[in-house]
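Read off the chains here:
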Amino acid sequence: MEKIKVLFICQVSNWLVETGHHVTTKLYSGYRHEIHNYAEIKNEVEAGIIEFMNSNL
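What comes next is a walk through the structure. (Residues numbered from 1 in each chain as written. Predicted model: local features only at pLDDT ≥ 70, side-chain atom pairs only at ≥ 80, totals over all residues. Heavy atoms only, no water.)

As for the overall build of the protein
For step 1, the next point in the chain: Regarding its fold elements, the protein presents two helices and zero strands.
For step 2, the next point in the chain: Considering the protein as a whole, with its 57 residues, one finds that 9% of them fall into the buried category.
For step 3, the next point in the chain: Just so you have it, the protein exposes about 5100 Å², and 59% of that area is on carbon and sulfur atoms. (Helix = DSSP H or I, 4+ residues; strand = E, 2+ residues; numbered from the N terminus. Buried < 20%, exposed > 50% of the residue type's maximum accessible area, 1.4 Å probe, protein only. Areas by Shrake-Rupley, 256 points an atom, 1.4 Å probe, with all protein chains shown as cover.)

In structure tokens form, the structure reads like this:
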């Protein structure tokens, strides 16, 4: 089941690139939904979001 989810995410990312969008995909293995709420990776996720925003805005 996990492989299907990753495949779907990659398909969506690839489709967006093919249609002219700039795409950055970051996967957190073992985590699913609302990953910013997991205490053990919260700081890493927040730092990644801030870094992405700073480099793309």
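From this point, things continue past the structure.
Describing unusual backbone geometry
Most of the time, phi is negative for any residue but glycine, and the peptide bond is trans.
For step 1, the next point in the chain: The phi dihedral of glutamate 34 is positive, around 50°, even though this residue is not glycine.
For step 2, the next point in the chain: Tracing the backbone through its elements, the reader meets glutamate 34 in the loop between helix H1 (2-18) and helix H2 (42-56).

So, the packing of aromatic side chains
For step 1, the next point in the chain: Summed over all chains, the structure comprises one aromatic pair.
For step 2, the next point in the chain: Centre to centre, the rings of tyrosine 31 and tyrosine 38 are 4.8 Å apart; their planes meet at 75°, and the pair counts as edge-to-face. (Phe/Tyr/Trp six-rings, centres within 6.5 Å; stacked < 30°, edge-to-face > 60°.)

Some points on the environment of threonine 24
For step 1, the next point in the chain: For threonine 24, the location among the structural elements is in the loop between H1 and H2.
For step 2, the next point in the chain: Note: C-alpha distance between threonine 24 and phenylalanine 52 (28 residues apart in sequence) is 8.8 Å.

Observations concerning a nonpolar patch on the surface
For step 1, the next point in the chain: Together, Phe8, Ile9, Val12 and Leu27 make up a nonpolar patch on the protein surface, roughly 340 Å² of accessible area in all.
For step 2, the next point in the chain: Of note, isoleucine 9 is situated in helix H1. (Patch = residues over 30% accessible without salt bridge, like charges linked within 9 Å, V, L, I, M, F, W, Y side chains within 5 Å. Salt bridge = Lys/Arg side-chain N within 4 Å of Asp/Glu carboxyl O.)

Side note on the side chain of serine 13
For step 1, the next point in the chain: Along the chain, serine 13 turns up in helix H1.
For step 2, the next point in the chain: Given the relative accessible area of 13%, serine 13 is considered buried.
For step 3, the next point in the chain: Residues contacting serine 13, with those up to four places away along its chain left out, are Val23 and Thr25. (Contact = heavy atoms within 4.5 Å.)

Shape descriptors only; they carry no functional weight alone.
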